[in-house]
Amino acid sequence: MENRLKKMADAARSALRGASDLEELEETRIEYLGRSGILRELQQGIRDVAEELRPRVGKLINRTRQELEKIVEERRRELEEQQVYERAEENRIDVTLPGRSGYIAGRHPLMATLDDMLEIFLGLGYNIAEGPEVENYYYGFEALNYPPDHPAMDEQMTFYLGENTLLRSQTSTVQIRVMEQQKPPVRVVVPGRCFRRDTVDATHSHTFHQLEGLCVDEGITMADLKGTLIAFGRGMFGEDTRVRFRPDFFPFTEPSAEFAVSCFACRGEGENCRVCKNSGWIELGGAGMVDPNVLANVGYDTERYTGFAFGVGIERFTMNRHGIPDMRLLYSGDMRMLRQF
Ligand code: PHE
């Protein structure tokens, strides 16, 4: 009996110690120590042992059970620990892999351009003003000295929301609103969205942005307008930038001009230049001396005050600046494009 017990204990020890995972350990434990396991069988065999030896054998069986249970516990702890390591190994983070970095939003190129422009005018002592995108006929056209039959008011050019309600087609509307609110001297720049019934293509959009400028005071002349736009051109493109004025017409300025700056890419040379298409110039917008009729419409004394105004298109210039070939890219929200800025 004792021999069988020893043999059994030897086998159990090595089987338990050799269990390669928790499942196998549990199976082995049941096999030897379970309710109908080998040890229990031996225990029941004690009936066949001589009476005087029974206490001794009984003790031996108990001790063996205790010892084996201890081995089970030890092995279980070992295997559990091992499992933790194995799992950790499986889920191991490879710190040498290139990271997936988050994307930090940036300024939209249109807004960045606008900000650069505003910066220059803030430096010249201008304030920033804004006005509504939905306007009425008075602010949209009448107060700006448009004659009643002007083609710009045509439904073909302007979006009408109702009889007397429209989407502004230029930021010049805000000139009137600003002057109604304050007496001269006035020095404001007005960034804003404008709307025209243009067919969308690579160089046109029904929605676009302008920066309007307005300066009214005593003794303001065309020379001030030129000086201001030259300062603007140089601020944007560098000190050797030249500014060109050519006659134009707007109902709310007289005289009126369109203005352009020498190309920043070819420095005005105009040879093999994709940016200015070999013209040497980049057109920025319209300008002129505020028509006295406009000043009168807001109740300014036209004998005392004169002023100039200008409007710069933001889209075309942004495209020139960054070599963006299609205006639609500016509104696409396509991250492949936007992430480049
Ligand atoms: N509002 C004009 C345009 O949209 C530009 C302009 C502004 C012209 C101010 C003169 C004075 O073309």
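Residues numbered from 1 in each chain as written. Predicted model: local features only at pLDDT ≥ 70, side-chain atom pairs only at ≥ 80, totals over all residues. Heavy atoms only, no water.

A. Examining the packing of helix α5 (residues 109–123) against helix α8 (residues 222–237) more closely. At their nearest, the axes of α5 and α8 sit 10 Å apart, and the two run at 130° to each other. When the axis of α5 is compared with that of α8, the two are oblique. The crossing of α5 and α8 is right-handed. For the pair α5 and α8, contact is made by T113, D116, M117, I120 and F121 and by T228, A231, F232, G235 and M236, respectively. A breakdown of the residues in the contact of α5 with α8 according to their chemical character gives six nonpolar, three polar and one charged. (Axes fitted to C-alpha atoms, helices over the stretch in contact; angles between N-to-C directions. Helix = DSSP H or I, 4+ residues; strand = E, 2+ residues; numbered from the N terminus. Parallel < 35°, antiparallel > 145°, perpendicular 65-115°, else oblique. Left-handed = near helix turned anticlockwise from the far one by under 90°. Contact = heavy atoms within 4.5 Å. Nonpolar A, V, L, I, M, F, W, Y, C, P; charged D, E, K, R; others polar.)

B. Spotlight on the sheet that holds strand β5 (residues 207–218). Reading across from one edge, β1-β4-β5-β9-β8-β7-β6 is the order of the seven strands in this open sheet, with mixed pairing throughout. Two strands in the sheet have a free side with no partner beyond their single neighbour: β1 (127–128) and β6 (243–250). The sheet contact formed by strand β8 (residues 281–290) and strand β9 (residues 305–313) spans five bridges and is antiparallel. Along β9, the bridge assignment pairs A287 with F310. Contacting β6, β7 (253–262), β8 and β9, α8 runs over the sheet at an angle of about 30° to β9. Each of β5, β8 and β9 is contacted by helix α10 (residues 314–322), which is oriented at about 110° to β5, the strand it contacts most. (Pairing = 2+ DSSP bridges.)

C. The site of the ligand, seen in detail. In the vicinity of the ligand there are 14 residues, among which Q170, S172, R196, Q210 and G311 approach most closely. In this structure, an oxygen atom belonging to the ligand sits 3.0 Å away from a side-chain N or O atom of R196. When contributions to the shell around the ligand are tallied by element, the ones reaching two or more residues are β5, β8 and β9. Sort the elements by how many residues they give to the shell around the ligand and β9 lands first, with three residues. (Near = heavy atom within 4 Å. Polar contact = N/O pair within 3.5 Å; in protein donor to acceptor, adjacent residues only side chain to side chain.)

D. The domain arrangement of the protein chain, seen in detail. What the domain assignment lists for the protein chain is domain 1 (2–90) and domain 2 (109–338). Each of domain 1 and domain 2 has a C-alpha centre, and these two points are 92 Å apart. (Domains from an automatic or database assignment.)

E. The nonpolar core, seen in detail. Ranked by internal contacts, the top residues of the largest apolar core, which has 38 residues, are L211, F232, L284 and F310. For this core, the elements supplying multiple residues, two or more each, are α5, β5, α8, β7, β8, β9, α10 and α11 (335–338). Considering each element in turn, this core owes the most residues, six residues, to α5. When sequence neighbours within four positions are dropped, the list of residues in contact with L211 reads L114, M117, L118, F121, T171, V189, V190, P191, F310, G311, V312 and I314. Grouped together as the second largest cluster of nonpolar side chains are 26 residues, Y139, L214, V290 and V298 included. (Core = buried A, V, L, I, M, F, W, Y, C linked by side-chain atoms within 4.5 Å. Buried < 20%, exposed > 50% of the residue type's maximum accessible area, 1.4 Å probe, protein only.)

F. Molecular detail of the pattern of salt bridges. Within the structure shown, the criterion is met by 21 salt bridges. In this structure, R246 and E283 form a salt bridge, with 4.0 Å as the shortest nitrogen-oxygen distance. Here R246, found in strand β6, pairs with E283, found in strand β8; they are 37 residues apart in sequence, far enough to count as distant. For E283, a relative accessible area of 49% puts it in the partly exposed group. (Salt bridge = Lys/Arg side-chain N within 4 Å of Asp/Glu carboxyl O.)

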